[in-house]
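Chain by chain, the residues:
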Amino acid sequence: MPEAALLPAARAIFTPIIQSKDCGCRMNSSSLIRPHQQQIASLHQILELTLVGVTLYGSAWLMGVKWREEYYIAAIASAILFNFFAHHQGLYQSWRSQRIDIEARQMLVAWCLTLLAALLLAWATKSMTLFSRLAIGGWMIATPLLLISLRWLLRSLLHRLRQHGHNTRTIAIAGAGTLAQQLAHTIAANPWMGFRMNGFYSNDLPIDHVPDNTLGLSVRGSLAQLAQEARNGRIDEVYIALPMSAEEQMQQLISALGDSSLPVHVVPDLFTFNLINARMRTIGGLPVISVYDSPMDSYNTLLKRIEDLLLGTLIVLICALPMLIIAIAIKLDSRGPVLFRQRRYGLNGEEIRVWKFRTMTVTEDGHAITQAHAGDRRITRVGRVLRRSSLDELPQFFNVLAGSMSIVGPRPHAVAHNEEYRQRIQGYMQRHLVKPGITGWAQINGWRGETDTLEKMEKRIEHDLHYIRNWSLLLDLKIIFLTVFIGFFHRNAY
C-alpha cells in the first residue's frame, strides 16, 4: 500500500476505537490507541505469528514443494517458539522510545534462537529429512526480512498519525534544571516518539518562568500541582528529572503520584558522571546503573570477532605481496629488524605486544618514548613513506587474527604515553573497554599523528569514546570504507 494511503486507512481502522466510550477513565483525545492498547498489541502478535507460517507456505509454493501435514506442524511450532523468544527479547514492549535498529537486532536474535530451537526439535524427532532444504532455506531468510519490514511499516503508520496529532502522549517533566532541560531537548529532537511536553513543574522556580529559551517550555506549577493534574487526567505520563539533592521532594512526589493511574518514570541524575555506555541491569532483582560499561555483550563480541576474522584474512591475503616488498625495502634501506613489537594496552587495560614495520633507526619501548614529529631524524627514508601512508601498521592484521586487536577501535598508545595521559585526561582508560584497532573514528576525522599538545590528545580521546558509545557493525564498515579512501595519507602523520 502506498505511504500516502496509510493515513486514511489508519483513520478508518481506528475511528471506531476513538469513538468508543467503553473506557471509564478520562483520556486525552490525542491518545488514539491507548484505550485499546492491549487488544492492538495482541493483534500485532497474532499478525507476526501468522506471518511466520504464511512465509513458510509461500516459500514451499515458490519452490514447487507440496504442502503436507508436517509443514503445518513446523509452521505452528516455529510460530510458538518465535513468540516465546520475541517476548524474551522485549519485542512486544512499547515501541514509542525504541529505535528501529535496536528493534531489528532484537528481532534477528529472536529469529536465530527460533531456528536453533526448531532445528534441535527436528533433530530430536528425526524429522529433518521430511522437509525440502530449498523451501526451509528460503523461509529462514525471508521471514526475518518480512517481520522487520512489517514493523517498519507499522512505525511509518504511527509516525504519520503522530504528525497529524494522533496517538500522542502528553507528558509532564518534574524538575526544571539541567537534567530536565536535557530530557526536553531529547524528546523534542525525536518527534517520532509522539510525546507532547506539557511543561516543567518545580518548587524552586515561579510559574511561567522559562528555564530554556530554545524550547519555550515554561514552569506550569509546583510538584503538588503536578500530582493534582495527574489525578485529574490532564497528562498521560510523568517523567521525574530532579537532581540527586532533591531526594525528599522526589519521594513525596512519587508517593503523591501513587494516587493516579498513569505511568511514572524516573530519569537518573547522572550528569555528575562522565558516562561511557550507561545501561540498566539488575543484581538479584535490585536495579543498578552501569556508569562505565562496554557495548560488547556476548552477541556483539561474536559479531565483531567474525568481522575481524573475515576481513582480516581477506586483507592479509591481498597484502601478502606488498608486505613482502616492504620488508625487502626496509632491509635494504637501513640496519635493524624488519618488524618490531611494542608494548601497548589492550582490552581491559591488559598489556599486549603490537607488530609494526620498523620505520626508525631505533625501536624504542621503554618508560619514556619521544613521539615522531616533523623532520624527525630517527625516521628512515622508507619509514617516512610507510608512516605517511600508514603501511607500517599492516603487520597489526596478524594481531587482529590472533585476537589481541580489532580492525576498528581506538588506536593503541605506547605504555609510556598511556601512563602519562591517564593522569591528565578524565576517562582516558575507558577507551580500553573495547579492543584497540588499526583504524578508528579519531583517525578518519583527522586526529592522528603527533599529539604535541594536551588538546590534541583530548580530541582523540573524545572521538574514541564517541565510537564506544555508538558502536555498531555499520559504523565499523563506514570507518573501514573511509580509511581506504581518505584515511591512509594524512598531513599529521610523520
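As a reminder, the structure under discussion sits directly above these lines.
Cut-offs applied
Residues numbered from 1 in each chain as written. Predicted model: local features only at pLDDT ≥ 70, side-chain atom pairs only at ≥ 80, totals over all residues. Heavy atoms only, no water. Helix = DSSP H or I, 4+ residues; strand = E, 2+ residues; numbered from the N terminus. Buried < 20%, exposed > 50% of the residue type's maximum accessible area, 1.4 Å probe, protein only. Contact = heavy atoms within 4.5 Å. Pairing = 2+ DSSP bridges. Axes fitted to C-alpha atoms, helices over the stretch in contact; angles between N-to-C directions. Salt bridge = Lys/Arg side-chain N within 4 Å of Asp/Glu carboxyl O. Expected span 1.5 Å × (residues − 1). 1 Å grid on protein atoms, 1.4 Å probe; cavity = no way out; pocket = protein on both sides within 12 Å on 5 of 7 lines; lining within 4 Å. Points joined across faces, edges and corners; volume = space filled by probe spheres on them. Core = buried A, V, L, I, M, F, W, Y, C linked by side-chain atoms within 4.5 Å. Phe/Tyr/Trp six-rings, centres within 6.5 Å; stacked < 30°, edge-to-face > 60°. Lys NZ or Arg CZ within 6 Å of the ring centre and 35° of its normal.

### What to know about the overall build of the protein chain
A count of helical and extended segments in the protein chain gives 15 helices and 11 strands. Counting the 494 residues in the protein chain, one finds 45% classified as buried. Partitioning the intrachain contacts of the protein chain with sequence separation of at least 6 by distance along the chain shows that 68% fall at a separation of at least 24.

### A closer look at the sheet that holds strand β1 (residues 169-174)
Think of a sheet as strands paired side by side through backbone hydrogen bonds, with each pair either parallel or antiparallel. Judged by pairing direction, the sheet is parallel, and its five strands sit side by side in the order β3-β2-β1-β4-β5 without closing on themselves. Among the strands making up the open sheet, the edge pair consists of β3 (219-221) and β5 (264-266). The sheet shows a mean angle of 35° between the axes of neighbouring strands, taken without regard to direction. Where strand β4 (residues 237-240) lies against β5, three bridges are found, and the strand directions are parallel. Residue pairing in the sheet places Y239 in a bridge with H265 of β5. Against the sheet, helix α7 (residues 223-231) engages β1, β2 (195-201), β3 and β4, with an angle of about 145° to β2. On top of the sheet, helix α8 (residues 247-257) reaches β1, β4 and β5; it is set at about 165° to β4, its chief contact.

### Things to note about the pattern of salt bridges
Tallied over the full model, the rule gives 14 salt bridges. Across the salt bridge formed by R68 and E70, the nearest N and O atoms sit 2.5 Å from each other. Residue class for R68 comes out partly exposed when judged on its relative accessible area of 32%. Its salt-bridge partner being E393, residue K356 comes within 4.0 Å of it at the nearest N-O pair. Here E393 lies in the loop between α10 (381-389) and α11 (396-402) and K356 lies in strand β9 (residues 351-357), a separation of 37 residues in the sequence. Across the pair, exposure class does not vary: K356 and E393 are buried alike.

### Points about helix α4 (residues 100-124)
Counted at 1.5 Å a residue, the expected span for α4 with its 25 residues is 36 Å, and the 36 Å between its end C-alpha atoms agrees. Residues E103, A104, Q106, M107, V109, A110, W111, T114, L115 and A122 constitute the buried set of α4. Looking one or two residues past α4, K126 carries a phi angle of roughly 55°, positive in sign.

### Examining empty space enclosed by the protein
Tallied over the entire structure, the rule returns one cavity of 30 Å³ or more. Here the largest cavity defines a volume of roughly 30 Å³. Elements with a contribution of two residues or more to the lining of the largest cavity: α4 and α5 (133-163). For the lining of the largest cavity, the leading source of residues is α4, giving four residues.

### Things to note about the pairing of β9
In this structure, strand β8 (residues 339-345) lies alongside β9, joined through seven bridges in antiparallel fashion. Residue pairing for β9: R343 is matched across the bridge by R353.

### Regarding the nonpolar core
F357, L394, Y467 and I479 are the most contacted members of the largest nonpolar core, which totals 34 residues. Among the elements of the structure, α9 (298-333), β9, α10, α11, β10 (406-408), α13 (441-444), α14 (454-469) and α15 (473-487) are those that each provide at least two residues to this core. Among the elements that take part in this core, α9 stands out by supplying six residues, more than any other. The next biggest cluster of nonpolar side chains, apart from the first, holds 24 residues, and it includes A60, A74, A110 and A135.

### A short note on the packing of aromatic side chains
What the rule picks out here adds up to nine aromatic pairs. Pairing W67 with Y72 gives two aromatic rings, centres 5.4 Å apart and planes at 85°, and the pair type is edge-to-face. Centroid distance F84 to F85: 5.1 Å. Interplanar angle 75°. Geometry classified as edge-to-face. Clustering of aromatic rings is evident, with ring pairs tying together Y57, W67, Y71, Y72 and F131. Across the ring face of Y428, the terminal group of R431 is positioned such that the distance to the ring centre comes to 5.5 Å.

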